[in-house]
Amino acid sequence: MKADKGNKIIIMDKAEYSARANRLITEGPYEEIANPLKSFVKITSEMLNKHKKFLGNGKKYHMLTHNPVVPRLYVLYKDHKPDSDPSPKVRPIASNINAPNEKVAKWLLKQFQKLKAPFSLSVKNAIDFVDKLKEVEIEDDEILVSFDVASLYPSVPIEDIIQLVDQWLTENKVDETTKLVYMDFLKLCTRNSFFQFEGRFYDQIDGIGMGNPLAPFLASDIFLGYMEKKISTERWFPRIWLRYIDDIFAVIKKKDLVETLNRLNSIYGTVKFTHEVEVDGKIPFLDVLVKRNGKKLEFKVYRKSTNTMRFITSDSYHTFQQKMAAFNSMIHRMLNIPMNPEDLKEEEDLIFEIARVNGYGRTLIQRLIDKQKRKIHVKNLTTLEQATDKKRRMKLTYYPPITNQLTQALRSADIEPAFASGNMIKDRLCNNKDKIEECMKSGIYRMKCESCDQVYVGQSRRAVIVRWKEHKCDIRKKNLENAIALHYDQNETHKFNEERSGKLLKVVSNEVYLDAWESLYMKKFEDHLMNVRPPPLDSRLFKFCK
């Protein structure tokens, strides 16, 4: 399985994986139920029908999931937790891909992101965190503390979140009609937290499932943001409080630590905070080690002990830009976090060592460092802001014999290619979700006659087995508008069996791509094709598919 944090693969006995996951389900806010898919689909469809006038322009159809499944649970192993930790040490993720309300949740999140953000004391990243702290002075009677919300997503009370979103929409002066639609969709996406694991179905009684597209916004921005707003005026609230999602850095009077922790844990019964205090004047937060130096704070890049120094190696089948991305990020962090000369030299030497481990030379990394230093120098000499990059981008699978030629053509049309690898080792090894039978997936299929070499190629937004049975029905009813029925009418002795004849050629979840994939496979089988209608699309590129 994938590790919870870091670019690693964890190898574990399958029985232990199952035991840890089941223990987490048993101890968590979950209860076993019957298969909820039919009712889940029904209430989603009813909600979309209710607001189809508001959505308009066929939006309701595009927000439907045509071949829905109950979200499938998998867990990630927390290898950064100590061995003495008595918990199952796994993080549950309920994959909402193709869930009945997945598209509704994604649409609603986009609408929320257009509004003014709720009150928050959060930081954007490590550099923003350091910028807010570098001028702070720490007294001798104060202590550096990091707070963490234990299991944030399952702990947040859903009904409270619904009320807080209602309040936030009112503050944003959203009109009543729009607000009603948003709140109905919000309830649909938060009160139906179903998932399946090892063939059994569960309902999350409270909290929001990790994997729900709305979860980070609702739990971090809305819930914790309003909690911060509520307590920020209290006498006991820490002088310094900086939050990143559910991790909080605080500066507190030593004598007030216990009271502060008790106060935080009394706000909501289900939400519990854990804490860590500085050790030898040092405490890690995000990927920064914060250190006392008198009354001032100093900073250093922090890496966990589980860090492997492994990134994309020099001989990997990736673009040069992808290989350099990790090093550019490390160099950017090194140059933008203020460090004393010794720590800066240590970090630079470590970046050179990471480069060596992954097969890159020192000269190459030095060029990257010099380039970023020049950028910082130029930025400090001007008050002008850099122009916004408005280029259109197209995602392409990296394959130099073809993509090198496509790149030139795309750039001539002011389109910048964004390369991706479609063949990652961890993606081949790590798939712990409940398996879906091939015939229950949607996409491009072929039906082959059992008595000759003729093939029919078709597409289906629903499970392909449903479409295959419809073909069988058309054969029986002699519906000659159907190409398969026409073939068997003209060849009465030929045999047909939907399960033996049918085969899923390509899983296609996004219906936007169905016509292109169907056309490509029709070209591939054109010498033996029984289809009567021409392919939906025609392209010279299809000649390469044979």
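Just so we're clear, the structure is a prediction, and the values are computed from it rather than from any experiment.

Each value, and the rule that gives it
Residues numbered from 1 in each chain as written. Predicted model: local features only at pLDDT ≥ 70, side-chain atom pairs only at ≥ 80, totals over all residues. Heavy atoms only, no water. Helix = DSSP H or I, 4+ residues; strand = E, 2+ residues; numbered from the N terminus. Buried < 20%, exposed > 50% of the residue type's maximum accessible area, 1.4 Å probe, protein only. Polar contact = N/O pair within 3.5 Å; in protein donor to acceptor, adjacent residues only side chain to side chain. Axes fitted to C-alpha atoms, helices over the stretch in contact; angles between N-to-C directions. Parallel < 35°, antiparallel > 145°, perpendicular 65-115°, else oblique. Left-handed = near helix turned anticlockwise from the far one by under 90°. Contact = heavy atoms within 4.5 Å. Nonpolar A, V, L, I, M, F, W, Y, C, P; charged D, E, K, R; others polar. Pairing = 2+ DSSP bridges.

**Points about the side chain of E102**
Note on placement: E102 falls in helix α5 (residues 102-113). Residue E102 is classed as buried on the basis of its relative accessible area of 10%. A polar contact is formed between the side chain of E102 and the backbone nitrogen of N98, at a distance of 2.9 Å.

**Here we look at the packing of helix α17 (residues 464-477) against helix α18 (residues 483-490)**
At a minimum axis separation of 8 Å, α17 and α18 run at an interaxial angle of 45°. Of the possible angle classes, the one that applies to α17 and α18 is oblique. In this structure, α17 crosses over α18, and the sense of that crossing is right-handed. Across from H471, D474 and I475 in α17, the residues of α18 making contact are I484, A485 and Y488. Residues belonging to the contact of α17 with α18 are distributed by class as follows: 4 nonpolar, 1 polar and 1 charged.

**Quick notes on the sheet that holds strand β17 (residues 502-507)**
Read from one edge of the open sheet, 3 strands run β16-β15-β17, paired in antiparallel fashion. The sheet terminates laterally at β16 (455-460) and β17, the two strands that pair on one side only. Between one strand axis and the next, the sheet turns through 25° on average, direction left out of account. By the bridge criterion, 6 bridges tie strand β15 (residues 443-448) to β16 in an arrangement that is antiparallel. Bridging from a neighbouring strand, M447 pairs with Y456 of β16. Its contacts with the sheet put helix α20 (residues 514-524) on β15, β16 and β17, and the angle it makes with β16 is roughly 170°.

By themselves these figures say nothing about function.
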